[in-house]
Amino acid sequence: MEQENKAHRAVRKKSQKRTVHNGQNARAFAVAAPRRLERQARRSHDVKEKRFHVPMVDRTPEEPPPVIVAVVGPPGTGKTTLIKSLVRRYTKHTLSDIRGPVTVVSGKRRRLTFVECANDMNSMIDIAKIADLVLLMIDGNFGFEMETMEFLNILAPHGFPRILGVTTHLDLFKSPATLRASKKRLKHRLWTEVYKGAKLFYFSGVMNGRYPDREILNLARFISVMKFRPLKWRNEHSYLLADRIVDITHPADIERNPKIDRKITLYGYVHGTPLPAHNARVHVPGIGDLTVSEVERLPDPCPTPYQEKKEVEEGKIKRRKRLDDRLKVIYAPMSDVGGVLIDKDAVYIDVGHRSFVEGEEKGVGERLVVGLQNAQTTLGAGGAGIRLFSGAGALNEFKQERVEDDDVHKGDTGRKVRREGRSISGESYDTDLGNDDEGYDKDEDEDEDDADAEEEAYSKSMASRLAEDDEDQGEEFVFADSDSDLVDYDDVDEFDADSGDLRWKSNLADRALNDYKTGRRKWDIGKLLYLDHISPEDVIKRWKSEELSSTVEDGDEDDIENNSSDSETGDHGDDFFKKRENSSIHPADAEVIDRTIPVYDDEVLKDKWSGAASTALASLKGRFLTGQTDDDEDDEINSSDFDSEDDEEFGDFEDLETGEAVTGASAQKEKEENTGEEEEETLKEKSYEKERELNARKKEKLRLRFEEEEEQEDDGLGDDDPEKKLYDTWHDAQKAKITKQREINKAEFDEMDSVTRERIEGYRAGQYVRIVIDDIPCEFIETLDPTFPVIIGSLLASEDRLGFLQVRIKRHRWHKKILKSNDPVIFSLGWRRFQSIPIYTTSDSRTRNRMLKYTPEHLHCTGTFYGPLIAPNTGFCAVQSVANKAATGAFRIAATGIVLDVDQSVQIVKKLKLVGTPYKIFKNTAFIQGMFNSALEVAKFEGATVKTVSGIRGQIKRALSKPEGHYRATFEDKILMSAVDIIILRAWYPIQPRKLYNPVTSLLLNEKTEWQGMRLTGEIRHEKGLSVPQVKDSDYTTIERAVRRFNPLRVPNSIRSGLPFKSQIAMMKPQKKETYLQKRAVVLGGTEKRKRDMMQKVMTIRNEQVRKRQEKKNERKVAYQKKIAEDEEKRKERERKDKREFFKRQGKKRGASESGGGGKRHRVSDE
Amino acid sequence: MVAPPVLYSGHEDFRMRLILATLSGRAIKIDRIRSDDMEPGLKDYEVSFLRLLEAITNGSVIEISYTGTAVVYKPGLIVNGAITHNCPLSRAVGYFLEPILLLAPFGKATLSLTLKGVTSNGIDLGVDTIRTALFPIYNKFGIMRQELRVIKRGAPPQGGGEVNVFLPHVVLQPTTLHAAVKTPPIVKIRGVAYSTRVSPASVNRIIEAARGVLSATGCETFVYSDVARGEESGKSPGFGVSLVAETRSGWCYTAESIGGPGETPEDVGERAARALLEEIAFGGMVCRCQVKSLIVLMVVGKEDIGKVLLGKGVIDEGFVRLLRDIKTMWGTEVRIKEQEALDEEDEQADGPEEYVVSIKGVGFVNSTKKAA
């Protein structure tokens, strides 16, 4: 194993100056402060350790998809203005209104998709799942609002993307000092929410409907250098943000039934992992789970300069002559921008609205058209004819040749049906049509491809064609002639001119026959493998070129299939009524019983592997690394001499352990030798020298091979296998492994052609695709509003089923309400938003999951609900309602958590206490009543532990026969027959969570912000004006407990006399004589009397003083109370005023937002 | 909302289709099960396999039609646990164990499975082969620590064997395999020859015969003998051998054979040895009885390309059917490419024809595994 060393570095010469520390006693000066050194070392290590992240595979392809930049903020913070400003900055294009995502090219290799997040919980949740970068808009003048906080808390459980804060409306501050203070305050607040040091941009006022150019430029620069870390969920799923949605249901179907499920196409860039090519299961948040019926890759509508350059290099497109501002591309099909839009269904040309002003015609064309419009006479009436080309003569006659073009005849109504592919060659170029027709065709074909690039190629081909036309008029075109001219029209010329068939199919059979005749046909297993109409047996037969009973006469696969199935039955003659054997259902006999051990033909094997004549054995020898072999075998081999020239290459081997090389002949050779073919041997003796040399070379090579094999073993990673190298840390090794795997993937995919690649890999991130989905509810199309994002997120196979999820959940500390078990909650988990009914539980020392009525405060608990199964460790958040109507202004994120476990059944128990009372007590036995209703019930609980309130434990013994449900129990001590000692049986009752899974179908609503699912019981009661039903027993009543009097312990004399001395109760007899204290009489006199008198007086004076003081104090107190009350009154008055003002402002803000676009509101400054 | 079931018809690859369905979580419907047969419908061992599947999963729904010619299977989650299963005598325990090995690593907990019945019958993998040749394949995918104990050997037709399998390793997903450079050289040949209720000498005769055939390869060969006595020898007399050719890097080829009626131990030993040579001659990394498990493990991997070298002989009808089933289940396809010689003067010129199979994993994650 090689060890990589660092390159040698020359030892730095020590300075000649000797310090005092370099004396004899080096140890004394080694470390001045060891503790500090240790601390420093520890800290630097900590810092280093903190930089590590779990190595994560970065699956961003070479050509990454546009970065999704979400602009989020409360209404009126300038989101639209910001997008407009940024778009203007990148494209020199002013958008008038923004609907749906806007994609712009922002750099050589980067594109940005801006998407505005409406003020709606659904949009916020969806955007949080796909945004790569969030521009968090904050009204600087107002501060953070609830929406911002909510959005940040939605982001957290779904993986934090990058966040840039943008404060606006800073021009409204009047004094610089307040502005500064406010900026600082905002910055620190953002830091606590995001991370310390998060970037916050400060935008001053709006000029010309945009933010100042300098400020926008800074933001744009910051965005352009930003790097993105892969997030776990997005690294495992593919998703796209639809930037175009078209309904392609047949209009006749809609006419027949307007509520028919629609077939729609969605367009967008693929993000995340590749999108599977076949029947991908996807979830569209707001609609539900759907199956993709078709995916197709489209040319990138917004390619980066890098990509274009690469395509130019590959010869796919022509190089641009110059780069001007117009080429800074913008793609926003749902907004009002864009030029030509091409897709499978139609070609759309945006003619612009304000490009033409009457009286200021720009080009020749405009002048011509205006001239024609203003013409007094109708076309052709003048008799002069029309001259279409400057060189041509005037056209007087009008021949109507073709009526097929919709565009011309329908005028500006647009195309309703799919455009037919048409050949350039073929009948449309019948020479008798004349020149005019060609001009006409040209325009049409052009819009199919990129205008600039194609035009030139086209005109060239046209020129050559025209030249040909002139030469041989009336001659028909042959395909082969035109092919060379039409290189650029591959897609077009595959169609047959008249039938519309694919041309390559036309003479397939002939070609195949040719192939077959010219040489043995070799099938590619890769192609055969997935041709479902060929049975697996046939696949293998064909691939291994074994004779099929039917000869492969014609190449068409369908024909082959028919032939082969015919041939199976063919042996039995042409029995028409014979039952058809289905080959795919009845395979060879060996497979019928689903065996694992393959079937061997003993005789064949015997011939192949035994006997001296086995060439197979000889050729197999190279596969063995022979160690110490048996002695006899060694001898045999050693004794063998060199033999014939046609020595098998694999005949020789080497004894590795002894290092002795043995040139072995195969056993067969030896035997031949032994039979005595001496004459041959003598013939060859001359070439011995030569052969020895040859053999020596071979041996050397063999040795090298074996050594190499031993060294590298056999994994596919070759020399630079990360496993083999030594890395400093595990982290480095993992990263190297990931890199290596990436390279392998890339190498493998680059080898494939694009079709195979799409089939195997899927549509990778960065490709622009068109997705067709059948059966989308018609409401989606009818109520489509581009301002609400439409996301298509792919589902893994395991995410497509329902079951119980066990999650760790915590009520959000800002959420005002407590969460109650069995109350419906809307979860945002994976791509989905759905309503479900959780049960909150806690684990009783890991023995059981006990149901809780409510989520605990400031603690995690476990929640269980029914829903789509998502892999453990996925984060989620929950809200109680997504409707804007239901918003109270309080924080809406109810809870956050992660998935712990998924299962199809759960075990949750509820604590159940059964209560009974004793009605007869013997010593330790008691008869209990009131706990059960029947003897059967008692039987079920026989042996169960019961407990009295006072803590005496016992056991249920047996049901009593007479009063039904009464039983006998024993206790560890005698219980009391009173209200205190009621008997309690603690039991666990299993409960099941309710199976509700209700996806939030907000995109199907007319008012997309107002989705309402199942309501809470309390809400329904409130609406219906019902009161909460009360169980009488649950009422709280004052508990009256009589004081219990316990009589002193009396031990009867008879017992006491029997007690041993140690246990004798010490009792004293009452005294009969009077004591001194009882006997004495006390009389005051002398000093004592005077003292008392004195004290009496003093105390009287003192009491009077205290009384007076207290009186005064009370007076002051009253005055003070009065003052306090007055102040309080004043404060309340002030607060009321403040509140009024605040809500006045707030109301204005909300009012503006509800009346349409955020930015349109009229801002009133506080003057 | 849930995707419609995948439709299959015919009874072949019954086990594999159920396994794929369980791994992917998609419901399947298999119809026309021996519908044209004299005895239509599911066989006893197939029903038994369904029962076993039901036992190791939670929430599976199995509906068998009245005639038994159609099955609807809605897979639940793999939970594993301690399970004892009585296998019918028509198939060996290998029939049940082989597919279960594919499921167990992707369950919720460890699996301890006791199977009772015939331990090897020459059709299904014998327990020794599973231990010595199938477990190493799993190790290649990072699934370790399998244990298989043969408590009792049971020869057909009466069986009476008992095997305990302990699969403690639950993984999120198998690691991506890269084994497409070169067929590894074989360093040793090992094997187990066993007998129940016959003279112990027959085991030695098997060994001698097998060694006789294999000695021509010049490879170090050692075959262990396992003579079951008394309680642990099941109910029927029988003998057999399982051979494994091992490479240094953990790949192996295997063949096994059991004594049929009227066969001498020599026949059995030679047959197994020749079959082993045949499997080795195909080339590639694995032999035919390992290839299906290998492909499935490669498919349920990360979304990365894994490669493996397979001999031409290994690619057979069953292989094609498996790939087609995988495609209907996950929509994923594999790429098969001829292995080009490493260098022009490589001696592989007349060696076995080999193919590189590259598979992109489906991004499978064991979602039943609990979060730490």
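Chain B is annotated in an unreviewed UniProt entry as RNA 3'-terminal phosphate cyclase/enolpyruvate transferase from Lipomyces tetrasporus. The UniProt entry for chain B carries the following text under Sequence similarities (unreviewed entry): "Belongs to the RNA 3'-terminal cyclase family. Type 2 subfamily." As stated in UniProt under Subcellular location (unreviewed entry), the record for chain B gives "Nucleus, Nucleolus".

The name recorded for chain A in an unreviewed UniProt entry is Bms1-type G domain-containing protein, from Lipomyces tetrasporus. Note on chain A: under the UniProt heading Sequence similarities (unreviewed entry), the record states "Belongs to the TRAFAC class translation factor GTPase superfamily. Bms1-like GTPase family. BMS1 subfamily." Word for word, the UniProt comment on chain A under Catalytic activity (unreviewed entry) is "GTP + H2O = GDP + phosphate + H(+)".

A. Focus on the pairing of strand 18 (residues 354-360) of chain B. All names here are of chain B. Where burial is concerned, most of strand 18 is hidden: seven out of the seven residues are buried. Both faces of strand 18 are covered, namely the face carrying Glu-354, Val-356, Ser-358 and Lys-360 and the face carrying Tyr-355, Val-357 and Ile-359. Note: strand 17 (residues 334-338) against strand 18, five bridges, orientation antiparallel. By the bridge assignment, Lys-337 is partnered in strand 18 with Val-356.

B. Seen up close, the UniProt feature "domain: Bms1-type G" (unreviewed entry) in chain A. Feature annotation in UniProt places "domain: Bms1-type G" (unreviewed entry) on residues 65-229 of chain A, given in this structure's numbering. Between the C-alpha atoms that bound residues 65-229 of chain A there is a distance of 14 Å. The span itself is 38% helix and 20% strand.

C. Region of the structure containing a positive patch on the surface. Residues and elements named next belong to chain A. Side chains of Arg-88, Arg-89, Lys-92, Arg-214 and Arg-221 sit close together on the surface and give a patch of like positive charge. Listed by contribution, the elements that provide at least two residues to the positive patch are helix 2 (79-91) and helix 6 (213-224). For Arg-221, the position within the fold is in helix 6.

D. Layout of the interface of chain B and chain A. Contact residues are listed per partner, giving 105 residues for chain B and 98 residues for chain A. At the surface where chain B touches chain A, the tally comes to twelve salt bridges. With a shortest N-O distance of 3.3 Å, B:Arg321 and A:Glu537 are connected by a salt bridge. Linking chain B with chain A are 40 residue pairs in polar contact (both at pLDDT 80 or more), by the criterion used here. The element best represented in the side of chain B that touches chain A is helix 6 (residues 265-282) of chain B, accounting for eight residues.

Reading the values: the criteria
- Residues numbered from 1 in each chain as written.
- Chains lettered and ligands numbered in written order.
- Predicted model: local features only at pLDDT ≥ 70, side-chain atom pairs only at ≥ 80, totals over all residues.
- Heavy atoms only, no water.
- UniProt positions renumbered as here; feature names shortened; annotations may be inferred.
- Buried < 20%, exposed > 50% of the residue type's maximum accessible area, 1.4 Å probe, protein only.
- Helix = DSSP H or I, 4+ residues; strand = E, 2+ residues; numbered from the N terminus.
- Pairing = 2+ DSSP bridges.
- Patch = residues over 30% accessible without salt bridge, like charges linked within 9 Å, V, L, I, M, F, W, Y side chains within 5 Å.
- Areas by Shrake-Rupley, 256 points an atom, 1.4 Å probe, with all protein chains shown as cover.
- Salt bridge = Lys/Arg side-chain N within 4 Å of Asp/Glu carboxyl O.
- Lys, Arg positive; Asp, Glu negative; His and termini not counted.
- Charge placed at Lys NZ, Arg CZ, Asp CG, Glu CD.
- Contact = heavy atoms within 4.5 Å.
- Polar contact = N/O pair within 3.5 Å; in protein donor to acceptor, adjacent residues only side chain to side chain.

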